[in-house]
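Here is how the chains run, residue by residue.
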Amino acid sequence: MSVQRTFIITIIIICLVKPDCIAAEDIKGFDLCVTTRQQVKDLSNQNLTDVPSNLPGNTKCLDISYNSIQTLGGAPFSTLSHLCFLKVFELVNITYNEDTVDGLQFPSLNHTINLHSIIVDTVKHYQYRYPIINMSLESISNLTYLKFSGSGMNILPCNLLSVLPSLEALDLADNLLADQGFWWPTCHYTSVFPKLRSLSLSKNHFRQLAFISERTYEMEMLESLDLSFNSIYLDHPCSWPSHLTELSLKGNNLGNNVFKYLSSHFKKIDLSKTGITSITQEVLSQFPRLTHLYLSCNSIQVIPVDIYAPTLLDLYVDQNSITSISSGVFTGLPKLKTMKAGNNPFVCSCDSYWFITSLNKSLLPDWPLDYTCSSPPAFAGLPLSDYKTSMLSCEAWLQAAVAVPVMLVLSAAVALVFYACDGVWYTKMLWVWLRMKRRGKKRASMLKNVSFSYHAFISYSHHDSGWVDSQLVFSLESAGFSLCVHDRDFVPGEWIIDNIINCVEASYKTLFVLSSHFVQSEWCNYELFFAQHRAISIQEDSLVFILLEPIPADSLPKKFLRLRHLLRKQTYLEWPKDERKQQVFWANLKSMLRMGDKSMVLKDIAVAISDTASLVTNEV
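Residues numbered from 1 in each chain as written. Predicted model: local features only at pLDDT ≥ 70, side-chain atom pairs only at ≥ 80, totals over all residues. Heavy atoms only, no water.

**Section: the overall build of the chain**
How we decide: Labels follow the DSSP assignment, with helices taken as runs of H or I lasting at least four residues and strands as runs of E lasting at least two, numbered in each case from the N terminus. Buried residues are those whose accessible area, probed at 1.4 Å on protein chains only, stays under 20% of the maximum for their type, while exposed residues exceed 50% and partly exposed ones sit between those limits. In what follows, a contact means two residues having at least one pair of non-hydrogen atoms within 4.5 Å. Note that accessible areas follow from Shrake-Rupley with a 1.4 Å probe, and for residues the cover is restricted to the protein chains shown.
Across its full length, the chain holds 17 helices and 23 strands. Expressed as a percentage of its 620 residues, the buried residues of the chain come to 44%. Sequence separation of 24 or more characterises 63% of the internal contacts of the chain that already satisfy a separation of 6 or more. Carbon together with sulfur atoms contributes 56% to the accessible area of the chain, which is approximately 32,500 Å² in total.

Laid out in structure tokens, this is it:
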């Protein structure tokens, strides 16, 4: 007892009577030959067993699919001189059992029918061995298009390679073919598909790309080869014929090295879902004729700005890891008509500003639905077309154009305030203060037990030199005090600042002769600054102010604000006009200076000891 199993074969037969109507699938054939609806005769799904003989003579398209017609005779078609497109779509349910050794017999056709296209798609069989489909080679010798997919085919018949001299397109997708199954080693033939232009071997088990490349030389007219979704690996260098211009390796895990195995003659390359992580100008320069490049579903992160492909028309980089696309990319693609870049993790920032606002969106067939923000988190999921940002925040040249004038205005305002507040003088004071600070650190240990060379250093304006020389210097030096006067005791050749610092540090007190001329003197201001710094760090009462003439505190310049504060806080001596009061003035001043005699004596003793020590050393 035989066990019956059922399998279903879906067959589309397209019979092209007129040789100038060349087509593959029904939709394409329909578009080629039909211009008005009056030329179309639809007789599908009417339970016909024969083709009617009374069809209009101007019929170009005839659809007799989904009927019970078993054979196609020539009589009904004899009056259809304009017939270009015939659609016979049969859904055949055949009871197939293990005793049916002959398999499925393909329906016989009348010799007057010139069959051009056959599609056998999705053979679903439920048995222990593959079904056998028998067809007359004579009836298919003029085929230009053959599709035999989803049938479980693992070996291509030897004679099929050479008995289809007119075949232009062969689709064997979704089968079980491998390298040796398509090019069977035991086959002997003189020619292989001499007119074949398109070959689809998608979704099979092909592996050796180098082997396949060599065998394509046998198909002298082959232009397009589809090897997508196989198990291709890269083992040896490939040698491709120059007439092959289109190659699809989609769905094979090949990586970045795949470009080394391709031909410079290729115009259309599909490397979608092949594990590519980068694309460089060095790679693209290998394909000077490239017009279509498909790199979807990879891990490309950046499209380089130096990319240059002058002939490229279509570029697909959707579903990668691209975060932004620079305007420089399109400079090197002058003929680009279509770019798909959706479903990438775009960053909504200034990097995407140009792409959002300036790019011609007619280049993007998937805009705007497939373009969303991935980061920052605040914009995640936001359509890229809804992201708004200002030109000022993104364009560097515009920021500079705004920032430079603003900085100039602010700088001018600060300069005016700086000048009005005597900032130049304060800057000089800061620099000198830093200089004194540095000197103070170097001599920190010496200042603890300092000795003085002078009782006082006199700071005064040269306009008051008459009183200083005739009164102050004369009276004090007559009493035995040692005074340091700048026009007499400054060391020639040294910097004035260094002379001032040295004299202030070598004096027990610093006498300031205050007058209206003093507060107008720049050098007097320096001397006050240095003496005040010394008073803070070493000796708090080292400053002595002699008021030669009354000076209102409010009349002092801004740079003498510290002096105004000292005059309010510290006691000062006023020069009286009364001679009797002048005696009290001299007595107070001399008593103030006489406290420095101890330091003066200690210095003299130290000098004497050092001189004696040198004599003793010489005698020994």
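**Here we look at helix 13 (residues 496–505)**
Burial runs high along helix 13: seven of the ten residues are buried. All of the buried residues in helix 13 are Ile 497, Asp 498, Asn 499, Ile 500, Ile 501, Cys 503 and Val 504.

**What about unusual backbone geometry?**
For the bond from Trp 367 to Pro 368, the omega torsion is 0 degrees, close enough to zero to count as cis. Its place among the elements puts Pro 368 in the loop between helix 6 (353–357) and strand 18 (373–375). A cis amide bond, omega 0 degrees, links Ser 375 with the succeeding residue Pro 376. Mapping Pro 376 onto the fold places it in the loop between strand 18 and helix 7 (391–394). A positive phi is found at Lys 273, a non-glycine position, where the angle reads about 55 degrees. Secondary-structure assignment places Lys 273 in the loop between strand 13 (268–270) and helix 4 (281–284).

**Describing the nonpolar core**
To be explicit about the condition: To define a nonpolar core, start from buried Ala, Val, Leu, Ile, Met, Phe, Trp, Tyr and Cys residues and group those joined through side-chain atoms within 4.5 Å.
Ranked by size, the top nonpolar core spans 80 residues in total, and within it Phe 182, Phe 193, Leu 262 and Ile 325 carry the most contacts. Among the elements of the structure, strand 6 (115–124), strand 8 (145–149), helix 3 (209–215), helix 4, helix 5 (328–331) and helix 6 are those that each provide at least two residues to this core. It is helix 3 that provides the largest number of residues to this core, a total of four residues. Apart from residues no more than four positions distant in its own chain, Phe 182 is found in contact with Leu 156, Leu 161, Leu 172, Leu 177, Phe 193, Leu 199, Leu 201, Phe 206 and Met 219.

**Considerations on empty space enclosed by the protein**
To be explicit about the condition: Cavities and pockets were defined on a 1 Å grid built from protein atoms only: a cavity is a group of points that admits a 1.4 Å probe but offers it no way out, a pocket is an open group of points flanked by protein on both sides within 12 Å along at least five of seven lines, and a lining residue is one with an atom within 4 Å of any such point. Grid points are joined across faces, edges and corners, and a volume is the space filled by probe spheres set on the points.
Applying the stated criterion across every chain yields a total of three cavities of 30 Å³ or more. Within this model, the second largest cavity holds a volume of roughly 40 Å³. Contributing to the lining of the second largest cavity are Ile 279, Leu 284, Leu 293, Leu 295, Ile 303, Ile 307, Leu 315 and Val 317.

**Brief notes about the side chain of Ser 263**
Selection criterion: Side-chain atoms alone can form a polar contact between residues adjacent in sequence; in general such a contact is a pair of N or O atoms within 3.5 Å, and within protein one must be able to donate a hydrogen while the other accepts it.
Along the chain, the position of Ser 263 falls in the loop between strand 12 (246–248) and strand 13. For Ser 263, the side chain forms a polar contact with the main-chain nitrogen of His 265, separated by 3.1 Å. Discounting chain neighbours no more than four positions away, the residues touching Ser 263 are Trp 240 and Phe 287.

**Here's the deal with the pattern of salt bridges**
Note the following rule: Salt bridges are identified by distance alone: a Lys or Arg side-chain nitrogen within 4 Å of an Asp or Glu carboxyl oxygen.
Across all of its chains, the model carries four salt bridges by this definition. Here Asp 489 makes a salt bridge to Arg 488, at a shortest N to O gap of 3.4 Å. Salt bridges sharing common partners tie together Glu 477, Arg 488 and Asp 489.

**What to know about the packing of aromatic side chains**
Quick note on the threshold: Any two rings among Phe, Tyr and Trp, with Trp reduced to its six-membered ring, count as a pair given centres within 6.5 Å; such a pair is stacked if its planes are under 30 degrees apart, edge-to-face if over 60, and tilted if neither. Throughout this description, the term charge over a ring refers to an Arg CZ or Lys NZ atom that lies within 6 Å of the ring centre and within 35 degrees of the ring normal.
For the coordinates displayed, the defined rule picks out 18 aromatic pairs. Aromatic pair Phe 259 and Phe 287: ring centres 6.4 Å apart, planes at 55 degrees, arrangement tilted. Separated by 28 residues along the polypeptide, Phe 259 in the loop between strand 12 and strand 13 and Phe 287 in the loop between helix 4 and strand 14 (292–294) bring together distant segments of the chain. Accessibility classification places Phe 259 together with Phe 287 in one group, the buried group. With centroids separated by 5.5 Å and ring planes inclined at 40 degrees, the aromatic side chains of Phe 330 and Trp 354 adopt a geometry described as tilted. Note that Phe 330 is positioned in helix 5 and Trp 354 in helix 6, a separation of 24 residues in sequence. A relative accessible area of 14% places Phe 330 in the buried class. An aromatic cluster of at least three residues, connected via ring pairs, comprises Phe 182, Trp 183, Phe 206 and Phe 211. The side chain of Lys 361 reaches across the aromatic face of Trp 367, ending 5.0 Å from its centre.

**Considerations on the pairing of strand 19 (residues 454–459)**
What counts, and what does not: Any two strands between which DSSP finds at least two bridges are classified as paired. Here the term right-handed applies to a crossover when the path leading from its first strand over the helix to its second strand runs clockwise, the strands being oriented away from the viewer.
Burial of strand 19 is extensive: five of the six residues sit out of reach of the surface. Bridging between strand 19 and strand 21 (residues 507–514) involves five bridges; their strand directions are parallel. Residue Ser 459 lies in a different strand from strand 21, and its bridge partner there is Phe 512. As judged from the two bridges shared by strand 19 and strand 20 (residues 483–484), these two strands associate in the parallel manner. Across the sheet, the residue bridging to Ala 456 is Leu 483, located in strand 20. Where the polypeptide runs from strand 19 across helix 11 (residues 465–478) and back to strand 20, its parallel neighbour, the crossover connection is right-handed.

**Side note on a nonpolar patch on the surface**
What counts here: Only residues whose relative accessible area exceeds 30% and that form no salt bridge are eligible for patches; like-charged ones are grouped when within 9 Å, while nonpolar side chains (Val, Leu, Ile, Met, Phe, Trp, Tyr) are grouped when within 5 Å.
Residues Val 402, Val 406, Met 407 and Leu 410 make up a contiguous nonpolar surface patch of roughly 350 Å² in combined accessible area. Its location among the elements puts Met 407 in helix 8 (residues 396–420).

**Digging into the environment of Glu 477**
Structurally, Glu 477 can be placed in helix 11. A relative accessible area of 32% places Glu 477 in the partly exposed class. With 22 residues separating them along the chain, Glu 477 and His 455 place their C-alpha atoms 10.0 Å apart.

**Some remarks on the sheet that holds strand 23 (residues 573–574)**
This is how it is decided: Orientation is described by axes fitted as lines to C-alpha atoms, over the contacting stretch for helices, and by angles from 0 to 180 degrees between their N-to-C directions.
Taken together, the five strands give an open sheet; going across it, the order is 20-19-21-22-23, and neighbouring strands pair in parallel fashion. Two strands lie at the open edges of the sheet, namely strand 20 and strand 23, each paired on one side alone. Across the sheet, helix 13 is in contact with strand 19, strand 20 and strand 21; its angle to strand 21 comes to roughly 120 degrees.

**Comments concerning the side chain of Asn 175**
Here Asn 175 lies in the loop between strand 9 (169–171) and helix 2 (179–182). Apart from residues lying up to four places away in sequence, Asn 175 is in contact with Phe 148, Ser 149, Gly 150, Ser 151, Gly 152, Met 153, Lys 203, Asn 204 and His 205.

**Considerations on helix 11**
The test is simple: Two axes enter the definition of the bend at a residue: one is fitted to the seven residues ending there, the other to the seven starting there, and the bend is the angle between them.
Of all the bends found along helix 11, the most pronounced is centred on Leu 472 and spans about 25 degrees. Every buried residue of helix 11 is accounted for by Trp 467, Val 468, Leu 472, Val 473, Ser 475 and Leu 476. Among the residues trailing helix 11, Gly 480 stands out with phi positive, at a value near 100 degrees.

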